[in-house]
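Given next are the chains, with one letter for each unit.
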Amino acid sequence: MASRIYECIGKISEAINENKDFLTDLDREIGDADHGVNMARGFSAVMEAIPQDETDIGTVLKKTGMTLLSKVGGASGPLYGTAYMEAGKLAAGKSELNAEDFGAMLNAAIEGIQKRGKAVRGEKTMLDALIPAYEAYTAKVTEGADLISALEEACTKAKEGIEFTKTIRATKGRASYLGDRSIGHQDPGATSATLTLEAILDYLKG
Amino acid sequence: MVGIVIVSHSAKIAEGIKELALQMAIGYEGLYTAGGLEDGSIGTDAVRIMEAIQNADQGDGVVVLADLGSGIISAETAIDMLEGAVKVQIADAPIVEGAIIAAVEASIGNPFEQVLSETEKTREFRKI
Ligand SMILES: Nc1ncnc2c1ncn2[C@@H]1O[C@H](COP(=O)(O)OP(=O)(O)O)[C@@H](O)[C@H]1O
Ligand SMILES: [Mg+2]
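Here the structure is a predicted model, which is why all the values come from computation and not from measurement.

Reading the values: the criteria
Counting restarts for each chain: residues are numbered from 1 in the order of the written sequence. Written order determines the labels here, with chains lettered from A and ligands numbered from 1. Per-residue local features of the predicted model are confined to residues with pLDDT of at least 70, and side-chain atom pairs are confined, for both listing and counting, to 80 or more; whole-chain, interface and lining totals are unaffected and use all residues. Just so you know, side-chain values use all the structure's heavy atoms and leave hydrogens and water out. Only runs of H or I of at least four residues qualify as helices and only runs of E of at least two qualify as strands under DSSP, and these elements are numbered from the N terminus. Here the globule rule reads 2.2 Å times residues to the power 0.38, and the radius of gyration is calculated from C-alpha atoms. Note on exposure labels: buried denotes an accessible area under 20% of the residue type's maximum, exposed denotes more than 50%, and partly exposed covers the range between, all computed with a 1.4 Å probe on protein chains only. What makes two residues a contact is simply this: any of their non-hydrogen atoms within 4.5 Å. Calculation of accessible area relied on Shrake-Rupley with a 1.4 Å probe; when residues are assessed, cover is drawn exclusively from the protein chains displayed. Charge assignment in this entry is limited to Lys and Arg as positive and Asp and Glu as negative, and neither His nor the chain termini are counted. Just so you know, the charge point we use is NZ for Lys, CZ for Arg, CG for Asp and CD for Glu. Shown as donors are all N, O and S atoms within 2.8 Å of a metal ion, widened to 3.2 Å for Na, K and Ca; because water is not in the atom set, sites may appear incomplete. In this scheme, strands are said to pair when DSSP sees at least two bridges between them. Axis geometry follows a simple rule: fit a line to the C-alpha atoms, using only the stretch in contact for helices, then measure angles between N-to-C directions, giving values from 0 to 180 degrees.

(A) The arrangement of the overall build of chain A in detail. A count of helical and extended segments in chain A gives 9 helices and 0 strands. Along the chain direction, N to C, the helices and strands of chain A fall in the order α-α-α-α-α-α-α-α-α. In terms of C-alpha radius of gyration, chain A reaches 16 Å, essentially the compact-globule figure of 17 Å for 206 residues. Referenced to the eigenvectors of the C-alpha coordinate spread, the extents of chain A come out at roughly 50 × 40 × 30 Å. Scored against the burial criterion, the 206 residues of chain A give a buried share of 57%. Sequence separation of 24 or more characterises 68% of the internal contacts of chain A that already satisfy a separation of 6 or more. Summing over all exposed atoms, chain A offers an accessible surface of approximately 8900 Å²; the carbon and sulfur share of this is 51%. For chain A, the distance from the average position of its 24 positive side-chain charges to the average position of its 31 negative side-chain charges is 6 Å.

(B) Quick peek at the coordination of the magnesium ion (ligand 2). Residues and elements named next belong to chain A. For the magnesium ion (ligand 2), the protein coordination sphere consists of Asp27 (OD), Asp32 (OD) and Asp34 (OD), at 2.1 to 2.2 Å. Sequence positions of the residues that donate to the magnesium ion (ligand 2) give the spacing D-x4-D-x1-D. Looking at Asp32, the relative accessible area reads 31%, which means it is partly exposed.

(C) A look at the sheet that holds strand 1 (residues 3–8) of chain B. Residues and elements named next belong to chain B. Across the sheet, which stays open at both edges, the 4 strands sit in the order 2-1-3-4 with parallel pairing between neighbours. The open sheet has two free edges, formed respectively by strand 2 (31–35) and strand 4 (88–90), since each of these has just one partner strand. Strand-to-strand, the axes of this sheet are offset by a mean angle of 20°, without reference to chain direction. Both strand 1 and strand 2 contribute to a ladder of 5 bridges, which runs parallel. Along strand 2, the bridge assignment pairs Ser8 with Gly35. Here helix 3 (residues 70–81) sits on the sheet and contacts strand 1, strand 3 (62–66) and strand 4; the angle it forms with strand 4, its principal contact strand, is near 165°. Against the sheet, helix 4 (residues 95–107) engages strand 1, strand 2 and strand 3, with an angle of about 165° to strand 1.

The structure is reproduced here in structure tokens:
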């Protein structure tokens, strides 16, 4: 039987696949038209690499990360790869997560992306969705919310983050070569990051 | 002897640079490439880069030359994955000119620090 973490990664993979062309089109506007193709290639390799019955969340996330940094091909490969691997370190030996665990893992993922990409908030990257999402998530959990309702709030903020990326110019990644021409377009990575959080939420809601 | 790794999004670019560099460093065997993805598509693969560094390493260090964008991020990821097992650094240099100078310097047996610093001097090369 497939483990829960396998199914959850499967949901993310599905969401990426369904939005493959959309993500690629976004990247056509301000990049090299490959973000959807990259991510879909990465996740189909992930679904082959992770054992269906593996219940150790740490093991699955580590494998997911290693596969992404090898198979995605673009900057998002090592960035997401590092994110999954850093989150996975905190889940070693666990087959269930509580609200605090998930928050700590999201934080570790963000720190991994920042270490790798040397970007901060406001540079028109995936961080502009993930950081506000994390902040909203922890605020909710501190108020006593459960994982699902905190993640709902996080997804709302991530979507606002996507909108925010339309208003700023890119200073990291390929889109930064375009200067002011990047203004007006939403960031592909912020979009795939939001799709990821939404897919996890979808899965948890069942 | 110092090793060299050429990282490019394109396997053809990486192979072409290798060919060009070896014309000036005949017989040098420490130059490895990590171009494109395993399936031949355009991109960079941190695991392939890590393996190329391991192959290039003969104990005297490895200088990496990378093209733009994820070439650098993937090479940095590869180096982190090696966890200090190999003395390795990315040269802050143009990939074509840098590779040629690196190959010449490494092939005459110069030490790591010198190969790296000579390679990085290519940043100042004027073309006209
Ligand atoms: N240095 C960075 N830090 C954080 N995110 C980045 C960085 N560089 C690029 N990105 C993210 O990666 C996305 C592009 O991914 P992708 O198209 O797969 O890679 P590439 O730009 O190499 O073609 C961008 O939309 C952005 O969100
Ligand atoms: Mg791209």
